[in-house]
Amino acid sequence: EGVGPQEYVLIKMRVYDECLVGELAPLAGKNVFLAAATLRPETMYGQTNCWILPDGDYGAFEMANGDVMVMCDRAARNLSYQERTKAEGDTGKILSFKGAALIGCAVKSPLAILEKIYCLPMLTILMGKGTGVVTSVPSDSPDDFMALSDLKAKKALREKFGVLDEWVLPFDVVPCVRIPEFGDACAPIVCEQLKIQSQNDKAKLEEAKHRTYLKGFTDGVMLRGVYEGEPVKIVKPKIRDLMLESGDAIVYSE
Ligand code: A2H
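Residues numbered from 1 in each chain as written. Predicted model: local features only at pLDDT ≥ 70, side-chain atom pairs only at ≥ 80, totals over all residues.

The protein chain appears in an unreviewed UniProt entry as leucine--tRNA ligase from Micromonas pusilla.

A. Broad picture of the overall build of the protein chain. Secondary structure assignment for the protein chain yields 6 helices and 12 strands. A globule of 254 residues ought to have a C-alpha radius of gyration of about 18 Å, and the protein chain, at 17 Å, matches this closely. Its C-alpha atoms give the protein chain principal-axis dimensions of about 50 × 45 × 35 Å. Burial status across the protein chain gives 44% buried among its 254 residues. (Helix = DSSP H or I, 4+ residues; strand = E, 2+ residues; numbered from the N terminus. Rg over C-alpha atoms; globule rule 2.2 N^0.38 Å. Buried ≥ 20, exposed ≤ 12 C-beta atoms within 10 Å, placed from the backbone.)

B. Region of interest: the site of the ligand. In the neighbourhood of the ligand, 21 residues make up the surrounding shell, with Thr-38, Gly-130, Val-137, Asp-140 and Ser-141 lying closest. Breaking the shell around the ligand down by element, the ones donating at least two residues are strand S2 (32–38), strand S9 (133–136) and helix H5 (202–218). Looking at the shell around the ligand element by element, the count peaks at 3 residues for S9. By residue class, the composition of the shell around the ligand is 7 nonpolar, 8 polar and 6 charged. (Near = placed C-beta within 6 Å. Nonpolar A, V, L, I, M, F, W, Y, C, P; charged D, E, K, R; others polar.)

C. Region of interest: unusual backbone geometry. Notably, Glu-83 is not glycine yet its phi reads approximately 60°, a positive angle. Take Glu-83: it is sitting in the loop between helix H1 (73–80) and strand S6 (93–98).

D. Broad picture of H1. Of the positions making up H1, those classed as buried are Ala-75, Ala-76, Leu-79 and Ser-80. Down the axis of H1, the buried side of the element spans an arc of 145°, and every buried residue falls inside it. If you follow the buried residues of H1, they end up packed against strand S4 (57–62), strand S5 (68–71), S6 and strand S12 (249–253). (Arc of directions from axis to C-beta. Contact = placed C-beta atoms within 7 Å.)

E. Broad picture of the packing of H5 against helix H6 (residues 232–246). For the pair H5 and H6, interaxial distance at closest approach is 7 Å and the crossing angle is 85°. Between H5 and H6, the angle is such that the two are roughly perpendicular. Where H5 abuts H6, its residues Gly-216, Phe-217 and Thr-218 lie against Val-232, Lys-233 and Lys-236. Class assignment for the residues of the contact of H5 with H6 results in 2 nonpolar, 2 polar and 2 charged. (Axes fitted to C-alpha atoms, helices over the stretch in contact; angles between N-to-C directions. Parallel < 35°, antiparallel > 145°, perpendicular 65-115°, else oblique.)

F. Expanded view of the packing of helix H4 (residues 186–193) against H5. Packing of H4 against H5 leaves a shortest axis separation of 9 Å and a crossing angle of 150°. One finds that H4 runs roughly antiparallel with respect to H5. When the axes of H4 and H5 are compared, the crossing they make is right-handed. From H4, Cys-186, Ala-187, Val-190 and Cys-191 reach across to H5, where they touch Ala-208, Arg-211, Thr-212 and Gly-216. In the contact of H4 with H5, the residues fall into 5 nonpolar, 2 polar and 1 charged. (Left-handed = near helix turned anticlockwise from the far one by under 90°.)

G. Spatial organisation of the confidence of the model for the protein chain. Averaged over all residues, the pLDDT of the protein chain equals 97, while 99% of them reach at least 70. Model confidence for the complex is summarised by a pTM of 0.98, with the ipTM given as 0.99. (pLDDT = per-residue confidence, 0-100.)

H. Broad picture of the nonpolar core. Leu-10, Leu-34, Ala-36, Cys-50, Val-70 and Met-71 are the most contacted members of the largest nonpolar core, which has 71 residues in total. Non-local contacts of Leu-10, meaning those with residues more than four positions away in its chain, are made with Ala-35, Ala-36, Ala-37, Thr-131, Ala-249, Ile-250 and Tyr-252. (Core = buried A, V, L, I, M, F, W, Y, C linked by C-beta atoms within 7 Å.)

Structural data, given as structure tokens:
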């Protein structure tokens, strides 16, 4: 991408204990979090699910504070040089598994209006970027909106990845940022304007991102939380700091 390092906020999505079974059983009894890399911390109120690449290689890593974080090896290695693991250069890996092992896991995510959201497959996740875990905000991210729409519309796609209806069908966009030009949820509007057909419609999704991403920052107004009614460009860093200070998120650079 650009020059120099990219700084992400890693959102700590807490895995419900009852999901630490099967391949994840070795993690039972630990505080396990999926580490989702985002550039839009102010949209976390609108999370509806978590995205995982079913074929991707993931691991569970014990951090210096005892928390277990799930991500790809590359991100864990980077974190081990950012003073997060017990020893510099040591990722603290305790388990390896494919993304498929996480599909259907329920998590509680910071700031999310919804109490319980599920891990679902997204086929366009790049394992070379961020952590390989992506939190989904379909109100404000065209990629997230189309991936969720695909799963809702295509029973065969749900079946292929063992996705139960109740992990997907009850979930609709949760508006969190108003952009005067687009209303209370920009992604569905722009996907409709551009007639985007699926999560694989790359060129159009790129265009949709261009139309919405910057405007969310410059023109967005918060619809949720303690900064409701305030401009995104003023409160974005404050919302980020709220989550950093409460321990619900950490900073990560790559
Ligand atoms: B963003 P950049 Cl509401 N593969 O978070 C694919 N996408 C990934 C990823 C990966 N490995 N890791 C992170 N991302 C997504 C929220 C959001 C995001 C909104 C709107 C736009 C948006 C909720 N999803 O990103 O290539 C994450 O989704 C549009 C750029 O590093 C992360 O922020 O610029 C963003 O892409 C990082 O993308």
